[in-house]
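Each chain is listed here by its residues.
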Amino acid sequence: MPRKREMFERTDVPEPSPLRNVIGAMVAVAAIAATVVAVVFAWNRANLESHLGDNALEEAAHDLAEYGVASPPAGRSGTGDTVYCTLLLTTNSIDTQNASLEDARILAIDSTKGSAVLVNLPVDLALTVDGNPTTLSELCAKEGYASCVVPLGRAAGLRFSNGVVVSADDILGSAAQLAGMDPDDLLSSAKTFVSRIRTDMEVGELLEFAEHLSQVDMSSLASVDVPLKAESVTDEEGNVSTTDRQVIDEGELGVLIGLFA
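Residues numbered from 1 in each chain as written. Predicted model: local features only at pLDDT ≥ 70, side-chain atom pairs only at ≥ 80, totals over all residues. Heavy atoms only, no water.

### Details of the overall build of the chain
Now for step 1: Regarding its fold elements, the chain presents 9 helices and 10 strands.
Now for step 2: The burial tally for the chain puts 38% of its 261 residues in the buried class.
Now for step 3: Within the chain, counting contacts between residues at least 6 apart in sequence, those at least 24 apart form 68% of the total.
Now for step 4: Accessible surface computed for the chain: about 15,200 Å², of which carbon and sulfur atoms make up 52%. (Helix = DSSP H or I, 4+ residues; strand = E, 2+ residues; numbered from the N terminus. Buried < 20%, exposed > 50% of the residue type's maximum accessible area, 1.4 Å probe, protein only. Contact = heavy atoms within 4.5 Å. Areas by Shrake-Rupley, 256 points an atom, 1.4 Å probe, with all protein chains shown as cover.)

Below, the structure is given as structure tokens:
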């Protein structure tokens, strides 16, 4: 007569832990948190990188490079000095293209003589764009800070060989402290500084600018107003007259920054 099979529970089969669901949930939360951190880090880095190599400023600097520089005025001659010029625009915000212009300066570093001068420009400086009279501040407000680069460079007879920097405050002292920094560490070590500016310069160019600044005694940096003169206009018959608008005297500016003597 067949025997009835008895059922026994195996002791070598692990039983599900009552904490299994809790542990699984913790692992999932940790994975989600890690993903969020990675996404935020990548977004922050991309946002910082967008402050360098600003497309609008790069295009403006490229357009300006197509024009010639000022020639020495009568009675003056070129010095042959290497002078690095940087356009510094201060606006109430760097996050909008129609920001209000608060300050404009040209930093000229004469590396041959080891000197530097900071030239102050009036925000209502008279400019002419496509034959139409305007001012520096009007141009910035209507068309964005990048639109100021070409008209201002042409009016000054200069090319901003050391870049253009737009910021909401004075950054010269902070920029000088970047000298000697490893290019790979810039965005992580100087993220506060980078977040305060917009510039056409890439990492290497920004560090080169900082190197030039580090050779200048910022505490004794000469600050002067740009030389101005009455605007000259020529009518259809070739007659030259002046207006009541004040424009940059590019010849005297060249003397001031060390290009002419």
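### Let's talk about a negative patch on the surface
Now for step 1: The grouping of Glu-58, Glu-202, Glu-205, Glu-208 and Glu-211 at the surface amounts to a negative patch.
Now for step 2: At 3 residues, the largest contribution of residues to the negative patch is made by helix H8 (residues 203-214).
Now for step 3: Along the polypeptide, Glu-205 turns up in helix H8.
Now for step 4: The partly exposed category is assigned to Glu-205, whose relative accessible area is 41%. (Patch = residues over 30% accessible without salt bridge, like charges linked within 9 Å, V, L, I, M, F, W, Y side chains within 5 Å. Salt bridge = Lys/Arg side-chain N within 4 Å of Asp/Glu carboxyl O. Lys, Arg positive; Asp, Glu negative; His and termini not counted. Charge placed at Lys NZ, Arg CZ, Asp CG, Glu CD.)

### Observations concerning the layout of surface pockets
Now for step 1: Taken as a whole, the largest pocket encloses approximately 620 Å³ of empty space.
Now for step 2: The wall of the largest pocket is formed by 27 residues, among which Thr-128, Val-129, Val-150, Pro-151 and Arg-154 lie closest to the centre.
Now for step 3: Elements with a minimum of two residues in the lining of the largest pocket: helix H2 (55-64), strand E4 (126-129), helix H3 (136-143), helix H4 (149-156), strand E9 (228-234) and strand E10 (240-248).
Now for step 4: Looking at which element gives the most residues to the lining of the largest pocket, the answer is H4, with 5 residues.
Now for step 5: In terms of residue class, the lining of the largest pocket is made up of 15 nonpolar, 3 polar and 9 charged.
Now for step 6: By volume, the second largest pocket is sized at about 280 Å³.
Now for step 7: As for the second largest pocket, its lining consists of 17 residues, and the residues nearest its centre are Phe-160, Ser-161, Gly-163, Asp-200 and Glu-205.
Now for step 8: Breaking the lining of the second largest pocket down by element, the ones donating at least two residues are H2 and H8. (1 Å grid on protein atoms, 1.4 Å probe; cavity = no way out; pocket = protein on both sides within 12 Å on 5 of 7 lines; lining within 4 Å. Points joined across faces, edges and corners; volume = space filled by probe spheres on them. Nonpolar A, V, L, I, M, F, W, Y, C, P; charged D, E, K, R; others polar.)

### Here we look at the pattern of salt bridges
Now for step 1: This structure, assessed with the given rule, holds 6 salt bridges.
Now for step 2: Between Arg-105 and Asp-170 there is a salt bridge, with its nearest N and O atoms 3.4 Å apart. With Arg-105 in strand E2 (residues 101-110) and Asp-170 in the loop between strand E6 (164-167) and helix H5 (172-176), the pair connects residues that are 65 residues apart, well separated along the chain.
Now for step 3: Accessibility expressed as a relative area gives 10% for Arg-105, which makes it buried.

### A look at empty space enclosed by the protein
Now for step 1: Inspection of every chain in the model, using the stated rule, returns 1 cavity of 30 Å³ or more.
Now for step 2: Of the voids in this model, the largest cavity is the one considered here, and its volume is about 30 Å³.
Now for step 3: Along its surface, the largest cavity is lined by Leu-88, Leu-89, Thr-90, Arg-105, Val-165, Ser-167, Asp-169, Asp-170 and Ile-171.
Now for step 4: For the lining of the largest cavity, the element with the highest residue contribution is strand E1 (residues 83-91), accounting for 3 residues.
Now for step 5: For the lining of the largest cavity, the per-class residue count stands at 4 nonpolar, 2 polar and 3 charged.

### Some words on the side chain of Asn-162
Now for step 1: Within the element layout of this structure, Asn-162 appears in the loop between H4 and E6.
Now for step 2: What makes Asn-162 buried here is its relative accessible area of 5%.
Now for step 3: For Asn-162, the contacting residues outside a window of four places in its chain are Tyr-84, Cys-85, Thr-86, Met-201, Phe-209 and His-212.

### Re the sheet that holds strand E3 (residues 115-121)
Now for step 1: The strand order across the open sheet built from 6 strands is E7-E6-E1-E2-E3-E8, with neighbouring strands paired in mixed fashion. Looking at strand neighbours, the two that pair on one side only are strand E7 (197-199) and strand E8 (222-225), the edges of this open sheet. Going across the sheet, the axis of each strand differs from the next one's by a mean of 25 degrees, ignoring polarity.
Now for step 2: With 9 bridges connecting them, E1 and E2 associate as antiparallel partners. Across the sheet, the residue bridging to Tyr-84 is Ile-109, located in E2. (Pairing = 2+ DSSP bridges. Axes fitted to C-alpha atoms, helices over the stretch in contact; angles between N-to-C directions.)

### Considering the environment of Gly-254
Now for step 1: Here Gly-254 is to be found in helix H9 (residues 250-257).
Now for step 2: Residue classification places Gly-254 among the buried residues on the basis of a relative accessible area of 3%.
Now for step 3: Separated by 175 residues in the primary sequence, Gly-254 and Thr-79 have C-alpha atoms spaced 9.8 Å apart.
Now for step 4: Apart from the residues lying within four places of it in its own chain, the contact partners of Gly-254 are Leu-259 and Phe-260.

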